[in-house]
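Structural characterization, general
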Amino acid sequence: MRFSAVARHKPLRRLAALALLPALLGGCAIFRPIPISRGSLIEKSDYVQLKPGTSTRSDVLDLLGSPTAKSTFNDNTWIYISLVTAPTPLGFPHIEKQQVVVLAFDNGGVLRHLETLHKKDAIDVGMVSQTTPTPGSHNNLLQQLLGNVGRYNPMANMGSTFAGSQGPLGGSIGTGNGGQGNSLP
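Below: a short report on this structure. Since the model is a prediction, treat every value here as computed from it, not as a measurement.

Before going further, it helps to spend a moment on a nonpolar patch on the surface. On the surface, a nonpolar cluster with roughly 560 Å² of combined accessible area is contributed by Leu141, Leu142, Leu145, Leu146 and Val149. On the secondary structure map, valine 149 appears in the segment after α4 (141-146). Taking the relative accessible area as the measure of exposure, valine 149 reaches 60% and is therefore exposed.

See the structure below:
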């Protein structure tokens, strides 16, 4: 019995079709990364109700809840941050939507200024790949070789009076008392 050329390659065609199936389905909307909401999820309809000059802190807390952050040097500035991100394979999540609402109050707690910032208003801050040198962190070969001389004590856990587990009189006095007697009452 002889197999035809088509019958002989039929298992290979099925295998190739199965291998290409994930690539073909990868473009489908079903397999898109699921967006993840982060931060204070506030809508425009919420903060539009706030009126500078009349709204107070308690009005803001009722409508928007607690702020995501307050200004470092001024407790009268409240910041609400909202992000929608999507996972990126082998990378940082991609920001699809970003909204920052900044509210400034006067000392009496009345809203004076409301500002909304979006993703287009963001400034990209690049990370620097350099490291800050620390004094004493660069050891030459001789310092590396001799740096641990005297630190190794093989008898430290053997109960010897010479290793420092007990004092010279056998009691828990002296430098080797294992932390006993060194604490405050």
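Once that is clear, we can look at the packing of aromatic side chains. With the rule as written, the count across this model stands at one aromatic pair. Ring geometry for tryptophan 78 and phenylalanine 105: centres 4.9 Å apart, planes at 65°, overall edge-to-face. Linking tryptophan 78 in strand β3 (residues 77-86) with phenylalanine 105 in strand β4 (residues 94-105), this pair joins segments that are 27 residues apart in sequence. What makes phenylalanine 105 buried here is its relative accessible area of 7%. Positioned above the aromatic ring of phenylalanine 105 is the side chain of arginine 57, whose terminal nitrogen or guanidinium carbon lies 5.4 Å from the ring centre.

A few words on the pairing of β4. Across 10 bridges, the pairing between β3 and β4 is antiparallel. Opposite tryptophan 78, over in β4, you have leucine 103 as the bridge partner. Of the strand pairs in this sheet, β4 and strand β5 (residues 111-118) are connected by seven bridges, and their pairing is antiparallel. The residue bridging valine 102 from the neighbouring strand is glutamate 115, located in β5. Following β4, the chain reverses through five residues before pairing antiparallel with β5; glycine 109 in that reversal takes a positive phi of roughly 90°.

A few words on the pattern of salt bridges. In the structure shown here, the tally under the stated rule is two salt bridges. In this structure, the salt-bridge partner of arginine 112 is aspartate 106, at a minimum N-O distance of 2.9 Å. With relative accessibility at 47%, the residue arginine 112 sits in the partly exposed group. The partner of aspartate 121 in a salt bridge is lysine 120, with the nearest N and O atoms 3.8 Å apart. Aspartate 121 sits in the partly exposed class, given a relative accessible area of 37%. On the basis of relative accessible area, lysine 120 is assigned to the exposed category, the value being 70%.

With that out of the way, let us pick up the side chain of threonine 77. Following the sequence through the fold, threonine 77 ends up in strand β3. For threonine 77, a relative accessible area of 15% puts it in the buried group. When sequence neighbours within four positions are dropped, the list of residues in contact with threonine 77 reads Ala69, Lys70, Ser71, Val102, Leu103 and Ala104.

Another aspect to go through is the pairing of β3. Where burial is concerned, most of β3 is hidden: seven out of the 10 residues are buried. Of the pairings in the sheet, the one linking strand β1 (residues 36-39) to β3 comprises four bridges and is antiparallel in character. The residue bridging isoleucine 36 from the neighbouring strand is threonine 85, located in β3. Bridge analysis of strand β2 (residues 69-70) against β3 gives two bridges, and the strand direction is antiparallel. Counted as the bridge partner of lysine 70 is tryptophan 78 from β3. Counting the residues in the hairpin turn of β2 and β3 gives six residues.

Criteria and thresholds
Residues numbered from 1 in each chain as written. Predicted model: local features only at pLDDT ≥ 70, side-chain atom pairs only at ≥ 80, totals over all residues. Heavy atoms only, no water. Patch = residues over 30% accessible without salt bridge, like charges linked within 9 Å, V, L, I, M, F, W, Y side chains within 5 Å. Areas by Shrake-Rupley, 256 points an atom, 1.4 Å probe, with all protein chains shown as cover. Salt bridge = Lys/Arg side-chain N within 4 Å of Asp/Glu carboxyl O. Helix = DSSP H or I, 4+ residues; strand = E, 2+ residues; numbered from the N terminus. Buried < 20%, exposed > 50% of the residue type's maximum accessible area, 1.4 Å probe, protein only. Phe/Tyr/Trp six-rings, centres within 6.5 Å; stacked < 30°, edge-to-face > 60°. Lys NZ or Arg CZ within 6 Å of the ring centre and 35° of its normal. Pairing = 2+ DSSP bridges. Contact = heavy atoms within 4.5 Å.

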